Amino acid sequence: MKKSAKENKNPGNLSRRNFLGTVGAATAAFTIIPSHVMAGRGYQQPSDMVNVAGIGVGAQGGGDIQQVCSPDEAVIRPQRTSTGQPYTKEQLATLEKERASMAGGGGAGGPGGGGRPGEGFPNFLAGSTLMAGQRSERVNLANIYALCDVDSNYAGHVFKGYPKAKIYSDWRVMLEKEPSIDAVVIGTPDHNHAPIAAAFIKAKKHVYVEKPMAKTVFEARRLAELAKQYDVVTQMGNQGHATEGSRQTVEWIQAGVIGNVREVHMSTDRPTWPQGNLTRPAGMRVPKTLNWDVWLGPAPEKPYHPDITHFNWRGLWDYGTGAMGDGGAHEFDTSVWALNLDKADRIKIQATATPFNDEYLPQSELVTYEFPERFTPGVGYMPPVTVTWYDGGLEPPRPAVLENGRSLTYCTLFIGDKGIMVEGSHGSLPQVIPYDPDFKGPDPWIPRTGNIFEDWIGAIRSGKKSSNDFSYAAKLTEIMLLANIALKTINSDTILEYDVPNMQITNLPVANDYLHYEYRQGWTL
């Protein structure tokens, strides 16, 4: 962890320990109401509240924080406009026409895919709240104790919503100065996930990190090891994992509703940001409100540009993990869970893609995984299965029994020897194909929790594991990130053979160089 200057924007605040010591004598004369009496009235004692810090709260991280505790006043995210770089004006005009066409009904157009209104089967597009499992009512799962963002201007709307929270621009300083933090929500760009999570785990803080939990295979492995070593409650921000639809999908498949599954096809509308054989925008002067050094973190030293920092970082190799990193967790989760893909001891993987370069990932890719037979106690043997991923406008071949008019963008197809199932993104609305409104699946057996935030905070309070903790999420992330290694080695014309237990690609040694990368000087995991 890189050392830096100390800072505290609210130095006058007492620590929780000092506060209790100061007021203890003054309160001794008052009547003490037993905690079980207050609990019986539905009251939660302040001492029971988990102190949560948020890091990277200007965008997705700010939304996550609001699912942990509603703001004191409405948080309205400002409308911000990208300059469009590195696209030309002509390319931007073409993209706008395509998006307008999608919005007019020419395609899936958003999360869910898998169907359009009025066709006689449920429309996945209507289920975005259901997919994420988010609450629209006010929530108070924990106390938002501190907030940290490298750009005070970009995150200012969130800071305003939590006026009691301590504010920082450098997470390292916050960790050093605020021992009362119990847990942290990390919503930074992908390349900063692992270093931040590792530091807080080592400080024995509970960690929620947005998907993907890491940028590299090695980082994912290391975070899982650290979480186990320091015995903290962890959760990857894969919101669909805690929804009813995901659990139904797993139960139906493992109950044999469609028989043995030997093929899976999954697709996404990502990327919705620039990717391809593009030129990185020229550097610009760093604004005073931005801590560029902390934003870069372990990534190589390169010039600042506002579109990269706040809009399009996902498409660059230095900071993001592309369409797979953004959408893969939502699509791959139920396949890994239902088919026990995380139990495979070896994986074969290959990729094909549109042109890309050393700066940007490709605009479109097709990635094929081959998993061998797997055995799990209580489930038994599962046959070999081929999983194919499509993004950037690509979709799977249409099965003959699939209804006309049903889109296959942003959904997953499970093809078994007794039938076919489809689900939307985040595991939403699983259905047998052709759609049967009278179909009733097996009785549920997977334990139900609240949404992913309720599950995480509940696990912290109870001392139990969360449903999507790093012991599982690291394996899901590892499978996802193998796709980017297949891309990096695409010119080798080789089907990669991955030895899972030893974290090694056995038939192309150079590919192992992409399991991790050298951090910028001063940064460690």
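Since the model is a prediction, treat every value here as computed from it, not as a measurement.

Re the overall build of the protein
(1) Moving on: When helices and strands are counted, the protein shows 15 helices and 17 strands.
(2) Moving on: For the protein, with 525 residues in total, the buried portion stands at 56%.
(3) Moving on: Across the protein, every contact between residues at least 6 apart in sequence was considered, and the portion connecting residues at least 24 apart equals 74%.
(4) Moving on: Total accessible area computed for the protein in this model is approximately 23,000 Å², and 52% of it derives from carbon and sulfur atoms.

Observations concerning the environment of Asn260
(1) Moving on: As for its position among the elements, Asn260 is in the loop between α10 (244-254) and β7 (261-267).
(2) Moving on: For Asn260, a relative accessible area of 37% translates into the label partly exposed.
(3) Moving on: What Asn260 contacts, discounting residues up to four positions off in sequence, is Pro383, Ile415, Gly416 and Asp417.

Description of the sheet that holds strand β2 (residues 143-148)
(1) Moving on: In space, the six strands of this open sheet follow the order β3-β2-β1-β4-β5-β6, with parallel pairing throughout. Only two strands of the sheet have a single partner each, and these edge strands are β3 (166-168) and β6 (234-237). Recorded for the sheet is a direction-independent mean angle of 20° between the axes of neighbouring strands.
(2) Moving on: Bridging between β2 and β3 involves three bridges; their strand directions are parallel. Bridged to Ala146 within β3 is Lys166.
(3) Moving on: Contacts between helix α8 (residues 193-202) and the sheet are confined to β1 (51-55), β4 (183-186) and β5 (206-210), with β5 contributing the most and set at about 170° to the helix.

Considerations on helix α3 (residues 60-68)
(1) Moving on: Among the residues of α3, Gly61, Gly62, Asp64, Ile65, Gln67 and Val68 are the ones counted as buried.
(2) Moving on: In this structure, the buried residues of α3 make contact with β1, β2, α6 (156-161), β4, β5 and α14 (452-462).

Focus on the packing of aromatic side chains
(1) Moving on: All chains considered together, the criterion is met by 13 aromatic pairs.
(2) Moving on: Between the aromatic rings of Trp295 and Tyr319, the centroid separation amounts to 4.9 Å while the plane-to-plane angle is 65°, which identifies the pairing as edge-to-face. Separated by 24 residues along the polypeptide, Trp295 in helix α11 (residues 292-296) and Tyr319 in the loop between α12 (306-312) and α13 (322-338) bring together distant segments of the chain. A single burial state applies to Trp295 and to Tyr319, both of which are buried.
(3) Moving on: Here the aromatic residues Trp292, Trp295, Tyr304 and Tyr319 are joined through ring pairs into a cluster of three or more.
(4) Moving on: Of note, Arg314 hangs over the ring of Trp273, and the distance from its end group to the ring centre comes to 5.9 Å.

Description of the nonpolar core
(1) Moving on: With 103 residues, the main nonpolar core has Phe332 and Tyr369 as its most contacted residues.
(2) Moving on: Of the residues forming this core, the biggest block, 13 residues, is contributed by helix α15 (residues 470-488).
(3) Moving on: If we ignore the near neighbours within four places in the chain, the residues touching Phe332 are Met266, Met324, Leu341, Tyr369, Val387, Leu476, Ile479 and Met480.
(4) Moving on: Formed by 28 residues, the second largest nonpolar core is a distinct cluster that contains Tyr208, Val233, Ala242 and Trp456.

Concerning the sheet that holds β7
In sheet architecture, strand pairing relies on hydrogen bonds along the backbone and comes in two forms, parallel and antiparallel.
(1) Moving on: With mixed pairing, the nine strands of this open sheet are ordered in space as β15-β14-β13-β7-β12-β9-β8-β16-β17. Edge positions in the open sheet fall to β15 (431-433) and β17 (504-505), since each of these has one partner strand only.
(2) Moving on: Pairing of strand β16 (residues 496-499) with β17 involves two bridges; the strand directions are antiparallel. Of the residues in β17, the one forming a bridge with Asp499 is Gln504.

Re the side chain of Asn484
(1) Moving on: Structurally, Asn484 is set in helix α15.
(2) Moving on: Given the relative accessible area of 8%, Asn484 is considered buried.

Things to note about the environment of Phe332
(1) Moving on: Note that Phe332 resides in helix α13.
(2) Moving on: For the pair formed by Phe332 and Met266, sequence separation is 66 residues and the distance between their alpha carbons is 7.7 Å.

Describing the pairing of strand β8 (residues 346-353)
(1) Moving on: Pairing between β8 and β16: four bridges, direction antiparallel. Looking across to β16, one finds that Arg346 is bridged to Asp499.
(2) Moving on: Note that β8 and strand β9 (residues 365-371) share six bridges and pair antiparallel. Counted as the bridge partner of Ala353 is Glu365 from β9.

A look at the pattern of salt bridges
(1) Moving on: Inspection of the entire model under this criterion finds 21 salt bridges.
(2) Moving on: Linking Glu478 and Arg221 is a salt bridge whose minimum nitrogen-to-oxygen distance equals 2.8 Å. One end of the pair, Glu478, is in helix α15; the other, Arg221, is in helix α9 (residues 217-230), with 257 residues separating them in the sequence.
(3) Moving on: On the basis of relative accessible area, Glu478 is assigned to the buried category, the value being 6%.
(4) Moving on: A cluster of three or more residues bridged by salt bridges with shared partners is formed by Lys211, Asp269, Arg270, Arg314 and Asp326.

Overview of the packing of α13 against α15
(1) Moving on: Packing of α13 against α15 brings their axes to within 9 Å, and their N-to-C directions diverge by 120°. If you check the angle between α13 and α15, you find them oblique. The element α13 and its partner α15 pack so that their crossing is right-handed. On α15, the residues touching Met324, Gly325, Gly328, Ala329, Phe332, Asp333, Val336 and Trp337 of α13 are Tyr472, Leu476, Ile479, Met480 and Ala483.
(2) Moving on: Taken together, the residues that form the contact of α13 with α15 break down as ten nonpolar, two polar and one charged.

Some remarks on unusual backbone geometry
Trans peptide bonds make up most of the peptide bonds, and negative phi angles are found at most residues other than glycine.
(1) Moving on: The omega torsion of the bond from Arg270 to Pro271 falls at 0°, within 30 degrees of zero and hence cis.
(2) Moving on: Mapped onto the fold, Pro271 is located in the loop between β7 and α11.
(3) Moving on: With an omega of -5°, the peptide bond between Ile433 and Pro434 qualifies as cis.
(4) Moving on: Inspection of the secondary structure puts Pro434 in the loop between β15 and α14.
(5) Moving on: A positive phi angle, close to 60°, is found at Lys204, a residue other than glycine.
(6) Moving on: On the secondary structure map, Lys204 appears in the loop between α8 and β5.
(7) Moving on: Backbone geometry at Asn340 places phi at a positive 55°, although glycine is not the residue there.
(8) Moving on: With respect to the element layout, Asn340 can be found in the loop between α13 and β8.
(9) Moving on: Judged by relative accessible area, which is 7%, Asn340 ranks as buried.

Parameters and conventions
- Residues numbered from 1 in each chain as written.
- Predicted model: local features only at pLDDT ≥ 70, side-chain atom pairs only at ≥ 80, totals over all residues.
- Heavy atoms only, no water.
- Helix = DSSP H or I, 4+ residues; strand = E, 2+ residues; numbered from the N terminus.
- Buried < 20%, exposed > 50% of the residue type's maximum accessible area, 1.4 Å probe, protein only.
- Contact = heavy atoms within 4.5 Å.
- Areas by Shrake-Rupley, 256 points an atom, 1.4 Å probe, with all protein chains shown as cover.
- Pairing = 2+ DSSP bridges.
- Axes fitted to C-alpha atoms, helices over the stretch in contact; angles between N-to-C directions.
- Phe/Tyr/Trp six-rings, centres within 6.5 Å; stacked < 30°, edge-to-face > 60°.
- Lys NZ or Arg CZ within 6 Å of the ring centre and 35° of its normal.
- Core = buried A, V, L, I, M, F, W, Y, C linked by side-chain atoms within 4.5 Å.
- Salt bridge = Lys/Arg side-chain N within 4 Å of Asp/Glu carboxyl O.
- Parallel < 35°, antiparallel > 145°, perpendicular 65-115°, else oblique.
- Left-handed = near helix turned anticlockwise from the far one by under 90°.
- Nonpolar A, V, L, I, M, F, W, Y, C, P; charged D, E, K, R; others polar.

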